[in-house]
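Structural overview
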Amino acid sequence: MGTILELRNVKRYFGIRSGGWMGGGGEKPLKAVDGASFSIASGSSFGVAGESGSGKSTMGKLILRLDRPTGGAIEFEGRDIGKLDAEGDAWYRTRVQAVFQDASGSLDPRMRISAIVAEPLEIHARTGPNRLGKIEIREKVEDMLAQVGLPKRVMDNYPHELSGGQKQRVAIARAMILEPTMLVLDEPVSALDVSIRAQVLNLLSDFQDRYGLTYLMISHDLATLGHVSSQLAVMYLGRIVEIGGTEDIYARALHPYTKALFRAMPLPDPNRKKSAPSLRGEIGSALDIPKGCRFCPRCDEAMPVCSDVDPELVDVGAGRRVACHLMSGPQFTKATHQRGSSE
Amino acid sequence: MTQASLLSVEDLRTYCYTRAGVVKAVDGVSFALERGDSLGLVGESGSGKSMTCNSILRLLPRPAARTVGGRVLWEGRDLLTLPEREMRRVRGREIGMILQDPLMSLNPVFTIGNQVGEPFRLRGAAKGRSDLREKVLDVLRQVHIPSPEARLSQYPFEFSGGMRQRTVAAIALAGSPGLLIADEPTTSLDVTIQDQFLRLLRELQEKTGMALILVTHDLGIVAETCNKVAVMYAGKIVEFGDVRQVLTSPSHPYTEALLKALPVPGTRQRRLYQIPGEPPNLLDPPAGCAFEPRCHRAMQACRNARPPIKKLSDGRQAACLALEAREVR
Ligand SMILES: Nc1ncnc2c1ncn2[C@@H]1O[C@H](COP(=O)(O)OP(=O)(O)OP(=O)(O)O)[C@@H](O)[C@H]1O
Ligand SMILES: Nc1ncnc2c1ncn2[C@@H]1O[C@H](COP(=O)(O)OP(=O)(O)O)[C@@H](O)[C@H]1O
Ligand code: SF4
Ligand code: SF4
Ligand SMILES: [Mg+2]
Ligand SMILES: [Mg+2]
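The helix and strand inventory of chain B stands at twelve helices and twelve strands. The C-alpha radius of gyration of chain B comes to 21 Å, within 12% of the 20 Å expected for a compact globule of 329 residues. On the principal axes, the C-alpha backbone points of chain B span a range of 70 × 50 × 45 Å. Counting only contacts in chain B whose residues sit at least 6 apart along the sequence, the fraction spanning at least 24 positions is 61%. For chain B, the exposed area adds up to about 14800 Å²; of that, 52% sits on carbon and sulfur atoms. Across chain B, the 44 positively charged side chains and the 35 negatively charged ones have centroids separated by 2 Å.

A separate point is the interface of chain B and chain A. Taken together, the contact pairs 44 residues of chain B with 45 residues of chain A. Carbon and sulfur atoms make up 52% of the area that chain B and chain A hide from each other, which totals about 3800 Å². In this structure, the connection of chain B to chain A is made through three salt bridges. Between E224 of chain B and R272 of chain A there is a salt bridge whose closest N-O contact spans 2.7 Å. Remark: the boundary between chain B and chain A carries 19 residue pairs in polar contact (both at pLDDT 80 or more). For the side of chain B that touches chain A, the class distribution of residues is 19 nonpolar, twelve polar and 13 charged.

Right, let's get into the side chain of S278 of chain A. Relative to the helices and strands, S278 of chain A is located in the loop between helix 10 (256-264) and strand 11 (314-317). Classification of S278 of chain A by relative accessible area gives buried; the value is 18%. Ignoring anything within four residues of it in the chain, the contact list for S278 of chain A reads R263 of chain A together with D195, Q196 and R199 of chain B.

Before going further, it helps to spend a moment on the site of ligand 3. Around ligand 3 lies a shell of 13 residues, among which C293, C299, C306, C324 and H325 of chain A are the nearest. Across the shell around ligand 3, the residue classes tally to ten nonpolar, two polar and one charged.

Here the focus is the packing of aromatic side chains. All names here are of chain A. Counted according to the given criterion, the structure contains twelve aromatic pairs over all chains. An aromatic cluster is built from F76, W91 and Y92, whose rings are joined through pairwise contacts. The aromatic ring of W91 is capped on one face by R79, whose charged end is 4.3 Å from the ring centroid.

Moving on: a nonpolar patch on the surface. Together, Y17, V22 and V68 of chain B make up an exposed nonpolar region whose accessible area comes to about 220 Å². Classification of V68 of chain B by relative accessible area gives partly exposed; the value is 39%.

A few words now on unusual backbone geometry. Cis geometry is adopted by the peptide bond preceding P63 of chain B, which originates at R62 of chain B and carries an omega value of 0 degrees. In this fold, P63 of chain B is placed in the loop between helix 1 (49-57) and strand 4 (65-74). Its identity is not glycine, yet E77 of chain A carries a phi of approximately 45 degrees, on the positive side. Mapped onto the secondary structure, E77 of chain A falls in the loop between strand 4 (71-76) and strand 5 (79-80).

Take the sheet that holds strand 5 (residues 77-78) of chain B next. All names here are of chain B. Read from one edge of the open sheet, four strands run 2-1-4-5, paired in antiparallel fashion. Taken across any chain shown, the strands that pair with only one partner, and hence form the sheet edges, are strand 2 (21-33) and strand 5. Direction of pairing for strand 4 relative to strand 5: antiparallel, over a ladder of two bridges. Bridge pairing in strand 5 places W74 opposite R77. Running at roughly 70 degrees to strand 2, helix 1 makes contact with strand 1 (7-18), strand 2 and strand 4 of the sheet.

Attention now moves to the layout of surface pockets. Residue and element names in this part refer to chain B. Approximately 700 Å³ is the volume attributed to the second largest pocket. Lining the second largest pocket are 23 residues, and of these G92, M97, P119, L122 and I171 sit closest to its centre. Listed by contribution, the elements that provide at least two residues to the lining of the second largest pocket are helix 2 (84-90), strand 6 (95-98), helix 4 (112-123) and helix 7 (161-174). Here the lining of the second largest pocket is composed, by residue class, of ten nonpolar, seven polar and six charged.

In this section: the packing of helix 7 of chain B against helix 8 (residues 191-208) of chain B. Residue and element names in this part refer to chain B. Where helix 7 contacts helix 8, the two axes come as close as 10 Å, and the packing angle between them is 15 degrees. With respect to helix 8, the element helix 7 is oriented roughly parallel. Viewed along their axes, helix 7 and helix 8 form a crossing whose handedness is right-handed. Along its contact with helix 7, which presents G162, Q165, R166, A169 and L173, the element helix 8 presents I193, Q196, F197, L200 and L204.

All names here are of chain A. Pairing of strand 1 (residues 3-14) with strand 4 involves five bridges; the strand directions are antiparallel. Bridge pairing links L5 to F76 in strand 4. Hairpin connection, strand 4 to strand 5: the antiparallel pair is bridged by two residues, and E77 has positive phi, about 45 degrees.

This brings us to the confidence of the model for chain B. All names here are of chain B. Taken residue by residue, chain B gives an average pLDDT of 91. The fraction at 70 or more is 96%. Within chain B, the lowest mean pLDDT, 72, falls on helix 3 (residues 102-105), and the highest, 98, falls on strand 10 (residues 236-242). Scoring the predicted complex yields pTM 0.90 and, for the interface, ipTM 0.88.

Throughout the structure, instances matching the rule amount to 44 salt bridges over all chains. Across the pair R239 of chain A and D310 of chain A runs a salt bridge whose closest N-O atoms are separated by 3.1 Å. Placement of the pair is R239 of chain A in strand 10 (residues 239-245) and D310 of chain A in the loop between helix 10 and strand 11, with a sequence separation of 71 residues. Among the ionic pairs, R13 of chain B bridges to D11 of chain B, the shortest N-O distance being 3.0 Å. Connected through shared salt-bridge partners, D11, R13, D27, K236 and R306 of chain B make up one network.

Let us look at the sheet that holds strand 12 (residues 317-318) of chain B. Residues and elements named next belong to chain B. With mixed pairing, the eight strands of this open sheet are ordered in space as 6-7-8-3-9-10-12-11. At either end of the open sheet lies a strand with only one pairing partner, and these are strand 6 and strand 11 (310-311). Relative to strand 12, strand 11 runs antiparallel, the two being bridged by two bridges. The partner of K310 across the bridge, within strand 12, is A318. Contacts from helix 7 reach strand 6 and strand 7 (179-183) within the one sheet, and its direction differs from that of strand 6 by about 170 degrees. Strand contacts of helix 11 (residues 253-260): strand 9 (228-233) and strand 10, with the helix running at about 100 degrees to strand 9, the strand carrying the most contacts.

If you look at the biggest cluster of nonpolar residues, it comprises 166 residues, and the most contacted ones within it are L145, I172 and F207 of chain A together with L7, F31, L179 and I213 of chain B. Considering every element that reaches this core, the biggest residue donor is helix 7 (residues 194-211) of chain A, with eight residues. What L179 of chain B contacts, discounting residues up to four positions off in sequence, is L7, L33, W74, E94, I95, G96, M210, A211, L212 and I213 of chain B. Core analysis: the second largest hydrophobic core is formed by 29 residues, L5, L7, I40 and L62 of chain A among them.

Turning our eyes to something else, we now look at helix 7 of chain B. For helix 7 of chain B, built from 14 residues, the straight-helix expectation of 20 Å at 1.5 Å per residue is met to within 8% by its first-to-last C-alpha distance of 20 Å. Every buried residue of helix 7 of chain B is listed here: G162, M163, R164, Q165, R166, T167, V168, A169, A170, A172, L173 and A174 of chain B.

Conventions used here
Residues numbered from 1 in each chain as written. Chains lettered and ligands numbered in written order. Predicted model: local features only at pLDDT ≥ 70, side-chain atom pairs only at ≥ 80, totals over all residues. Heavy atoms only, no water. Helix = DSSP H or I, 4+ residues; strand = E, 2+ residues; numbered from the N terminus. Rg over C-alpha atoms; globule rule 2.2 N^0.38 Å. Contact = heavy atoms within 4.5 Å. Areas by Shrake-Rupley, 256 points an atom, 1.4 Å probe, with all protein chains shown as cover. Lys, Arg positive; Asp, Glu negative; His and termini not counted. Charge placed at Lys NZ, Arg CZ, Asp CG, Glu CD. Buried area = accessible area lost by both parts, 1.4 Å probe. Salt bridge = Lys/Arg side-chain N within 4 Å of Asp/Glu carboxyl O. Polar contact = N/O pair within 3.5 Å; in protein donor to acceptor, adjacent residues only side chain to side chain. Nonpolar A, V, L, I, M, F, W, Y, C, P; charged D, E, K, R; others polar. Buried < 20%, exposed > 50% of the residue type's maximum accessible area, 1.4 Å probe, protein only. Near = heavy atom within 4 Å. Phe/Tyr/Trp six-rings, centres within 6.5 Å; stacked < 30°, edge-to-face > 60°. Lys NZ or Arg CZ within 6 Å of the ring centre and 35° of its normal. Patch = residues over 30% accessible without salt bridge, like charges linked within 9 Å, V, L, I, M, F, W, Y side chains within 5 Å. Pairing = 2+ DSSP bridges. Axes fitted to C-alpha atoms, helices over the stretch in contact; angles between N-to-C directions. 1 Å grid on protein atoms, 1.4 Å probe; cavity = no way out; pocket = protein on both sides within 12 Å on 5 of 7 lines; lining within 4 Å. Points joined across faces, edges and corners; volume = space filled by probe spheres on them. Parallel < 35°, antiparallel > 145°, perpendicular 65-115°, else oblique. Left-handed = near helix turned anticlockwise from the far one by under 90°. pLDDT = per-residue confidence, 0-100. Core = buried A, V, L, I, M, F, W, Y, C linked by side-chain atoms within 4.5 Å. Expected span 1.5 Å × (residues − 1).

The structure is reproduced here in structure tokens:
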């Protein structure tokens, strides 16, 4: 599997230019994404976790080209998406599509379902090279609605006439109509009930099997990400603090923040006892990132070095990278050694 | 007869009158709570969880919704027939409430100190300004608001979501209620902040013996917070019992399906168990069991009449014909 998407030290700072939204220059920048580097293998599912305000959606928007990075580069299928011309832009829109949490917000309430799903095709038919006729477009829309499990009759409905789960299926149909190779899914099932959530997650997994799609799924729900993704990145205040194979991270989280997220996750097991205390405090402001390790003010394993030195994201073996001083000290090297020899 | 329960809801019926017809949002709900109990009220969106709570508190949207039957016995009195003046004393003093959106329960133009002090003032529970201040600081400390002295003069917009929800809890607790009704209090919070808040609720319950009704659609939250659970579907409780019992061996097909549909963290299965279809349209519900169109155990008889909720031999209650048949055998 080759790499389909690569981020290299991507940054998105807000309010750094004078006359920006905060008004006046000289203000401190708000570091929404503060140096993200990772790559996604073609056909895989990549999950992004973290509390609200950690920068997940901002990163999603940068990848979707709904926003521009203030630093670093994003490459998709080998092309730098910051340097696309008009034709490249049209190409990118056929390759990468989005599904957001709030389907009602992203579906135009005045348009019928058929028009909503057809719209990307029609825009593309006007600008792109492969023009489609009215009948072909209608056939494609019907086929796509069938693929997402919606009956033909919803074509003439308006979004408000559909349930939450149906609206999310429409959003997926619209995203899939141009046959993209990658979907960016920002909290796609967070607003759905358990029974409907399972239906939509199964639908996404069917599409992936059928078309070899690549997914980048953003969610604050570790159970959903654990089910969907093969690779997982955990973000905190604009940084990726842990990244690796999802199953490995579930089996043994290394970063104190990842561990705290797992501890907080409610499980439907009445026999589980929560012994460790919950994570203290709250995620700070991206305007005022702590010196040293940004997680330090909430970390129960903090050491003196942590409030001084910002830990780098370092490779700790087995495809895992972690940004924490605990992982670079001698005690850790010993621990991995022991683990390696006992296996 | 055994001693009366702290709260006993009997055959509660609340209907919504819409232009398209009548919706039986709460359709014969019964349950009882004792001191210190913590009941998880779960179910899909629209199943009637909020309507049940709002009926108990008599906070229904008027004139759209009306309670048309049943009794809500609270410490011996039927809340449904109480004069509004007395009901106002019950709300916020004997029964506290926390709603889903903390911003809706806080007034943006008053300071935090002012709003948390309100229940004490109303009750005349404070002797003078400094005593009131002490009482307010005390409840803010109880809900773990950091440096409460500095927070008294702040406004809700200066608080984070988690702090706002804790402030709402502080207001609810200021009356030392015997029951707290919390309708999805953590839905808008991060899991970490949710964890903090749920631990706070448990801690307060342990300290005061207060009973709790917690509305949620997260069975994980129920497992961690509650000792009893009521599963609602289309306006009715379909299974009620001890949390351990219901979550480890669900008996109603809907409860069973809900648990099976959850992604299991750490095990990357390809497909999740999927409940077919969607919840029924309450304007035109099925004639028989409301879950019948989606049920993997449905029989012909299920289409004829809605099964009543019955006590099973293991002590829990469930509304399902297949279970009744099994019990008889
Ligand atoms: N003001 C209203 N007018 C008419 N119908 C209403 C009104 N409020 C609620 N309903 C209906 O009553 C039923 C139960 O609603 P309720 O709000 O109790 O559901 P819920 O279980 O709390 O759902 P959620 O999980 O979405 O909060 C639904 O069918 C709903 O559409
Ligand atoms: N357009 C914007 N202008 C200024 N700040 C923003 C903007 N979009 C996001 N932010 C800030 O960037 C940070 C990360 O936000 P976001 O990416 O939405 O996080 P998440 O999706 O993880 O909740 C937050 O502090 C947020 O307030
Ligand atoms: S670097 Fe230090 S403060 Fe940061 S997560 Fe690791 S131990 Fe905690
Ligand atoms: S009564 Fe019948 S349809 Fe309803 S839950 Fe039981 S078996 Fe299923
Ligand atoms: Mg977001
Ligand atoms: Mg509700």
